[in-house]
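Observations on the three-dimensional arrangement
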Amino acid sequence: MTEAPQKDSIYEKNGQLYARRQGKDLALFVFPLVKGGQSVAAGYDWSDYLQSFVKQYVPLQTVTDPPTIQGLTFSQQTRTGDQWFNYSQQTCNGYPLYYVEGVPQGAKTEQPALFQPATIAQLTNSTSAELESGDDEGGPTSYLGP
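Below, the structure is looked at part by part. Sequence order as written defines the numbering, with residues in each chain counted from 1. Residue-level local features of this predicted model are given only where pLDDT is at least 70; pairs of side-chain atoms are given and counted only at 80 or more, and the full residue set underlies all totals for whole chains, interfaces and linings. Computation of side-chain values: all heavy atoms of the structure, hydrogens and water removed.

1. Observations regarding the side chain of Q122
One can find Q122 in helix α2 (residues 120–124). Throughout, a residue-residue contact means that at least one pair of heavy atoms, one from each residue, lies within 4.5 Å. Once residues lying within four places of it in the same chain are set aside, the contact partners of Q122 are V30, P32, Y95, Q116 and P117. Counting from the N terminus, the helices are the DSSP runs of H or I reaching at least four residues and the strands are the DSSP runs of E reaching at least two.

Written as structure tokens, this is what we have:
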């Protein structure tokens, strides 16, 4: 277990990843349906009644100095052309990372929906190679995840 850092970064606590952003500790989430490298429609392309749900999961902007945690590889993907979040997004073992404003470190992080907490177990279940080898069948975006 590591102590929460004081600068903007990512850290692990009790097997789950958190981001420290602008003085806040935020629980991180993944969209597990990207397993196998499948692209998922961008949130703004989801049905109107689901857009407010998916938009609460904010893509984590790239961290300048990601941590070194055994079994995890941090990288980034660009969300060029994204109508909501047009910036570089932090990934971990190929999974794009998200946070929900108002779900702080230590709060209940199991969401009754499509996103799951970014746990070491979840992230090491699939390798980056598996995610990168998937066949993108002409999805609406060049990145993985909503």
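2. A word on the environment of S75
For S75, the location among the structural elements is in strand β5 (residues 74–78). A relative accessible area of 40% places S75 in the partly exposed class. Distance from S75 to S88, taken between C-alpha atoms, is 10.0 Å for residues 13 residues apart in sequence. Three exposure classes are used, based on accessible area relative to the maximum for each residue type with a 1.4 Å probe and protein chains only: buried under 20%, partly exposed in between, and exposed over 50%.

3. Considering the sheet that holds β5
A pair of strands is labelled paired if DSSP reports no fewer than 2 bridges between them. The antiparallel open sheet is built from three strands, whose spatial order is β5-β6-β7. In the strand order of this sheet, the two ends are held by β5 and β7 (95–96), each with one partner. Judged from the two bridges that link them, strand β6 (residues 88–92) and β7 form a sheet pairing that is antiparallel. Paired with T91 across the strands is P96, a residue of β7.

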